[in-house]
Structure formats: C-alpha cells, structure tokens
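Descriptive analysis of the structure
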Amino acid sequence: MEYTYKDIRFFYQTVSDIKAALPPEGYCMHLLCTNGSASVVYAGRLFQLKKNDVLIYTKTSAAEGHRQSSDFCGVVFSAPCLSWATNFRPTALP
C-alpha cells in the first residue's frame, strides 16, 4: 500500500519474503517480525530477528543477505530517509 502525506510517499506492506520488501534506494525501511524468525546480514553484521523484533534499514544497498524460517511473516514500513539517517550504522544491543 502506498500513502502520501504532505507530498511524502510512504509504503506499508505485510510480507513473507524480506527480499521482496526492500524499498528503493533513498528509503528507510522498518521491518517488524510478527511470526517466525529471520537472519539478515546488514553492513557486514549478522542480525537475528524473532517475533516482535524490529530492524531498521537506512541503506538498502547495505543489505547483503537474508534467511528466514518457513513461517516468517513481517510488517514493513518505508519512507524517504533523512540525510542524517543514511549515514547511521546499526549497533547490536547487548
């Protein structure tokens, strides 16, 4: 689904394949895992997602690989990145 608010395009979709959810370059993506699990290599780091985890992509070109369980399901929200967000590098929480 696509929404426009104050001339800004937003995208929202429910997905079962992370690769299909990647937005165009210049967009940030918020991925909420709602079922199953997934692993994502982003900017050279491995991130594990399980139900209720969120991953935020600030550069889709930094997404290097994806794997997901057969029952994976997620919700994706994408919007144009702010200039400071495109330089953000993710950090893993302890």
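The structure displayed is predicted, hence computed values, not measured ones.

1. Quick look at the state of the cysteines
Under the criterion given, the structure shown has zero disulfides. Between Cys73, a cysteine without a disulfide, and Cys33, which holds the nearest cysteine sulfur, the sulfur-to-sulfur distance is 8.3 Å.

2. Quick notes on the nonpolar core
Inside soluble globular proteins, nonpolar side chains tend to come together where they are buried. Among the nonpolar cores identified, the biggest contains 17 residues, and Ile18, Leu31, Val40, Tyr42, Leu49, Tyr57 and Phe72 are the most heavily contacted of them. Elements represented by at least two residues in this core include exactly helix 1 (18-21), strand 3 (27-35), strand 4 (37-42), strand 5 (45-50) and strand 6 (54-57).

3. Points about the sheet that holds strand 1 (residues 2-5)
Taken together, the five strands give an open sheet; going across it, the order is 1-2-8-3-6, and neighbouring strands pair in antiparallel fashion. With one partner strand each, in any of the chains shown, strand 1 and strand 6 form the two edges of the open sheet. Strand-to-strand, the axes of this sheet are offset by a mean angle of 15°, without reference to chain direction. One ladder, built from four bridges, connects strand 3 with strand 6; its direction is antiparallel. Along strand 6, the bridge assignment pairs Met29 with Tyr57.

Reading guide: rules and limits
Residues numbered from 1 in each chain as written. Predicted model: local features only at pLDDT ≥ 70, side-chain atom pairs only at ≥ 80, totals over all residues. Heavy atoms only, no water. Disulfide = S-S within 2.5 Å. Core = buried A, V, L, I, M, F, W, Y, C linked by side-chain atoms within 4.5 Å. Buried < 20%, exposed > 50% of the residue type's maximum accessible area, 1.4 Å probe, protein only. Helix = DSSP H or I, 4+ residues; strand = E, 2+ residues; numbered from the N terminus. Pairing = 2+ DSSP bridges. Axes fitted to C-alpha atoms, helices over the stretch in contact; angles between N-to-C directions.

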